[in-house]
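# Structural features, examined
Each chain, written out:
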Amino acid sequence: MIRSERGKLGGFRLAKAPSDITLLEVIEALQGPISLVDCVGCQKECDRSQGCAARSVWTDINMAVRAALRDMTLETVLGRVNGRRFVPEALAEYAI
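Residues numbered from 1 in each chain as written. Predicted model: local features only at pLDDT ≥ 70, side-chain atom pairs only at ≥ 80, totals over all residues. Heavy atoms only, no water.

Moving on to the environment of arginine 13. Counting through the fold element by element, arginine 13 comes out in strand E2 (residues 11–14). Looking at arginine 13, the relative accessible area reads 17%, which means it is buried. Between the C-alpha atom of arginine 13 and that of arginine 3, which follows or precedes it by ten residues, the distance is 5.4 Å. (Helix = DSSP H or I, 4+ residues; strand = E, 2+ residues; numbered from the N terminus. Buried < 20%, exposed > 50% of the residue type's maximum accessible area, 1.4 Å probe, protein only.)

Structure follows, in structure tokens:
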């Protein structure tokens, strides 16, 4: 997602356009897979996960959160800053 360039004019830049980077990608790159409760990410975390009604509810909620983050891009978030519309030109070569 990020590339670096050495030198006087170097620094860090987005490797893709903000419209091509989802929040799910960002969060999972920084923190790993999203799991609202331990047993959703790994069934072995709980001895009762096989017959647990709450686990299926948490799994559904977890899937909904992942879907929402997958549908939201950096462009979407930047468009919400101070209530302004996102202007791609404002990110000259996606510099960060």
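A word on the pairing of strand E1 (residues 2–5). Put simply, side chains in a regular strand alternate between the two faces of the sheet. Summarising the sheet, E1 and E2 pair through four bridges and their orientation is antiparallel. When the sheet's bridge partners are listed, glutamate 5 is paired in E2 with glycine 11. Here E1 folds back onto E2 in antiparallel fashion, the turn holding five residues, of which glycine 7 has a positive phi close to 110°. (Pairing = 2+ DSSP bridges.)

Here we come to the side chain of threonine 22. Structurally, the position occupied by threonine 22 is in the loop between E2 and helix H1 (23–31). Each residue touching threonine 22, except ones within four places of it in the same chain, is listed here: Leu69, Arg70, Met72 and Thr73. (Contact = heavy atoms within 4.5 Å.)

Our focus in this paragraph is helix H3 (residues 53–71). A rise of 1.5 Å per residue sets the reference length of H3, with its 19 residues, at 27 Å; its end C-alpha atoms lie 28 Å apart and thus fit the reference within 8%. Those residues of H3 lying buried are Arg55, Asn62 and Leu69. The arc that holds every buried residue of H3, seen down its axis, measures 50°, which confines them to one face. Residues of H3 that are exposed and point over 90 degrees away from its buried face: Ala53, Asp60, Met63 and Asp71. (Expected span 1.5 Å × (residues − 1). Arc of directions from axis to C-beta.)

Fair warning: the whole summary comes from geometry, so function is off the table for now.
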